[in-house]
Amino acid sequence: MLAGGLTHDSHRLEPFPPYITKVQGAYKWDADGHRLVDYWMGHGAMILGYDHPKVVEAVERQLARGSFYGAEHPLALEWAERIQRMVPSAERVRFTVTGSEATELALRLARAATGRPWVVKFAGHYHGWHEPLAKGVLPGEASPGTDGRPAGDGPAATRLVAPDRLDELEALLDTRQVAAVILEPGGGSWGAIPVDVGWLQTVRELTRRTGTVLIFDEVITGFRLAPGGAQERYGVLPDLTCLAKIVSGGMPGAAVAGRAEIMAYLDFRDEAWNRSQRVAHLGTFNATPLAAAAGIATLDEIASGRVLPAIDRLGARLVQALNERLRARGVRGYAYGQASIFHIALGVDPPEGEEPSPSEWQALLEAAKGPATQWLRKAMLLEGVDLMRSGGFLSAAHGDQELEETVQAFDRALERLSKVEPAWFA
């Protein structure tokens, strides 16, 4: 029936993934009626929790006026204004439907603005499933990880660099052939690789010196690490920013935002410009009224200052409680995170300091994407909690009760896992 048996590769779980029929707040219910504390939270999109009253009200109000116009509408302007006001580097905004579309558009803009062919991405960082960024996501993976791509590098080649080899990055940028460097500013693989602010600053300095466009993929971190995303939290501004998930309040929607002179390649001018230099961009469902309504309501809640401090504190408490359970059970591993994102790395030794080092990126990716995550997720599902593989996202709907349920479930899951992976236990 379904090709591949799924609608999204990341939902894969043997022998089968949960099928969800209902959500509310921080919970979801599967087809068998089991209630689960959820940490997928719509792949991180539902930062206010499921069915937040203000978002529901905004969508219902717009639905009565029409779900889709196939035309320009005032809500798109209001939505873009919110993004421009909140994201420090957002001088202009263009809407797409998905994060993958946003990163693809950003690459086209960068090539148009620089006239250069290459793109640099970092191993372990994920930017969507389209060409040419669908490679170097899994540990040790230099190939695209998918078939159906053109043979050879071609003129729009992607250069893959390990995050701890900035010397290689500098050498590539010095060729003046690199149009853009794209990265996840909150750390690769939605934070499985921890962020290093000094590293971000160095990449910014190198790209600025060589006239290379720096693209922040803030599909995950946008409006979560701060109202203005990772760039606000860490004080490093990119040239272009890719946004999705939270930006549209859980509806299908995404955006590219950035410097006016780069975004100007989307402008219509004379016929010669329009035919040969302008970056064309279409998309039937760009900035639908429903996505705009949900996005405006969500961004207004985040801008109020009521949301992020509370869930950041809860995230820190959860990480601390999970580490206490790991130590009490004598398990090799540790929990870590930033803001309201957390990860659990099993089968690896805890770091010497409070946080893991980005230089440990290969071991962390193995822990975050390897078989340990499958075992942990299954054990947690049996105890009433659904992790997003190695961790997950907190929302404004999570609170003390959900935290306590999660920690108790984790303790019981570790007891189960002691029978499956005894090597993790002291």
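Residues numbered from 1 in each chain as written. Predicted model: local features only at pLDDT ≥ 70, side-chain atom pairs only at ≥ 80, totals over all residues. Heavy atoms only, no water.

Asks: Hey, could you run me through the sheet that holds strand β12 (residues 341–346) in this one?
Replies: Strand pairing in a sheet relies on backbone hydrogen bonds. The paired strands run either parallel or antiparallel. Taking strand neighbours across the sheet as the criterion, the three strands line up as β11-β12-β14 in an open arrangement whose pairing is antiparallel. Each having just a single partner strand, β11 (333–338) and β14 (391–393) make up the two edges of the open sheet. The average angle at which neighbouring strand axes cross in this sheet is 10°, direction not considered. Across six bridges, the pairing between β11 and β12 is antiparallel. Bridge pairing in β12 links tyrosine 336 to histidine 343. Sheet strands in contact with helix α12 (residues 361–369) are β11 and β12, and its direction is about 95° off that of β12. (Pairing = 2+ DSSP bridges. Helix = DSSP H or I, 4+ residues; strand = E, 2+ residues; numbered from the N terminus. Axes fitted to C-alpha atoms, helices over the stretch in contact; angles between N-to-C directions. Contact = heavy atoms within 4.5 Å.)

Asks: Please explain unusual backbone geometry as it appears in this structure.
Replies: Working note: non-glycine residues mostly have negative phi, and peptide bonds are mostly trans. At lysine 245, a position not held by glycine, the phi torsion is positive, near 55°. Within the fold, lysine 245 resides in the loop between β9 (240–243) and β10 (254–258). Assessed through its relative accessible area of 24%, lysine 245 is described here as partly exposed. Here alanine 339, not a glycine, exhibits a phi torsion of approximately 55°, which is positive. Within the secondary structure, alanine 339 sits in the loop between β11 and β12. (Buried < 20%, exposed > 50% of the residue type's maximum accessible area, 1.4 Å probe, protein only.)

Asks: I tried to follow the sheet that holds strand β4 (residues 92–96) on my own but got confused; where do I start?
Replies: Strand order in the open sheet made by the seven strands is β4-β10-β9-β8-β7-β5-β6, with mixed pairing throughout. Single-partner strands in this sheet number two, and they are β4 and β6 (158–161). Each adjacent strand pair in this sheet contributes to an overall mean axis angle of 20°, direction not counted. With five bridges joining them, β4 and β10 adopt antiparallel strand pairing. By the bridge assignment for β10, valine 93 is matched with alanine 257. Sheet strands in contact with helix α4 (residues 166–173) are β5 (118–122), β6 and β7 (178–183), and its direction is about 170° off that of β5. With respect to the sheet, helix α6 (residues 197–209) is in contact with β5, β7 and β8 (213–217), its orientation differing from that of β7 by roughly 165°.

Asks: I would appreciate a short explanation of the layout of surface pockets in the present structure.
Replies: If you roll a probe as big as a water molecule over the atoms, it shows you where there is empty space left. Each pocket or cavity is described by its volume, and for the second largest pocket that value is around 740 Å³. Residue lining of the second largest pocket: 29 residues in total, with Glu72, Ala76, Val93, Arg94 and Phe95 positioned closest to the centre. When contributions to the lining of the second largest pocket are tallied by element, the ones reaching two or more residues are α2 (74–86), β4 and α8 (260–263). Among the elements that take part in the lining of the second largest pocket, α2 stands out by supplying five residues, more than any other. By residue class, the composition of the lining of the second largest pocket is 15 nonpolar, eight polar and six charged. (1 Å grid on protein atoms, 1.4 Å probe; cavity = no way out; pocket = protein on both sides within 12 Å on 5 of 7 lines; lining within 4 Å. Points joined across faces, edges and corners; volume = space filled by probe spheres on them. Nonpolar A, V, L, I, M, F, W, Y, C, P; charged D, E, K, R; others polar.)

Asks: How do you make sense of empty space enclosed by the protein when you look at a structure like this?
Replies: Taken as a whole and assessed by the stated rule, the structure comprises two cavities of 30 Å³ or more. Its boundaries defined by the atoms lining it, the largest cavity holds a volume of some 40 Å³. Lining the largest cavity are Ala45, Met46, Ile47, Leu48, Gly49, His52, Val55, Gly249, Gly250 and Thr298. Across the lining of the largest cavity, the residue classes break down as five nonpolar, five polar and no charged. Of the volumes computed, that of the second largest cavity is approximately 30 Å³. Around the second largest cavity, the lining residues are Ser189, Trp190, Ala192, His343, Ala368, Lys369, Arg389 and Ser390. Secondary-structure elements contributing two or more residues to the lining of the second largest cavity are α5 (188–191) and α12. A per-class count over the lining of the second largest cavity returns three nonpolar, three polar and two charged.

Asks: Whenever I open this one, the pairing of strand β2 (residues 27–30) confuses me. Can you help?
Replies: The two faces of the sheet receive side chains in turn, since in a regular strand these alternate between them. In the sheet, strand β1 (residues 20–24) pairs with β2 via four bridges, with the strands oriented antiparallel. Residue lysine 22 lies in a different strand from β2, and its bridge partner there is tryptophan 29. Taking the residues between adjacent antiparallel strands as the criterion, β1 and β2 are bridged by two residues, where glycine 25 takes a positive phi near 65°. Connecting the antiparallel pair β2 and strand β3 (residues 35–38) is a turn made up of four residues, with glycine 33 showing a positive phi of about 90°.

Asks: What exactly am I supposed to notice about the environment of aspartate 196 here?
Replies: The topology assignment puts aspartate 196 in the loop between α5 and α6. With 45 residues separating them in the primary sequence, aspartate 196 and threonine 241 have C-alpha atoms 19 Å apart. From its side chain, aspartate 196 meets the backbone nitrogen of glycine 198 in a polar contact 2.9 Å long. (Polar contact = N/O pair within 3.5 Å; in protein donor to acceptor, adjacent residues only side chain to side chain.)

Asks: Just checking my understanding: could you explain the packing of aromatic side chains for this structure?
Replies: Given two aromatic rings, their pairing is described by the distance between the two centres and the angle made by the two planes. The tally for this structure, following the rule as stated, stands at eight aromatic pairs. Considering the side-chain rings of phenylalanine 68 and phenylalanine 285, the 4.8 Å spacing of their centres and the 35° angle between planes classify their relative orientation as tilted. Linking phenylalanine 68 in the loop between α1 (53–65) and α2 with phenylalanine 285 in the loop between α9 (271–276) and α10 (289–303), this pair joins segments that are 217 residues apart in sequence. Lying over the aromatic face of tryptophan 273, arginine 269 brings its terminal NZ or CZ to 3.7 Å of the ring centre. The side chain of arginine 278 reaches across the aromatic face of phenylalanine 268, ending 3.7 Å from its centre. (Phe/Tyr/Trp six-rings, centres within 6.5 Å; stacked < 30°, edge-to-face > 60°. Lys NZ or Arg CZ within 6 Å of the ring centre and 35° of its normal.)

Asks: Would you explain the confidence of the model for the chain in this entry?
Replies: As a general rule, the predicted coordinates of low-pLDDT regions are not to be interpreted in detail. Per-residue confidence for the chain gives a mean pLDDT of 91; residues scoring 70 or more make up 93%. Across residues 142–149 the pLDDT falls below 50, and counting only partners more than four positions away or on other chains, this stretch makes 13 contacts in the model. (pLDDT = per-residue confidence, 0-100.)

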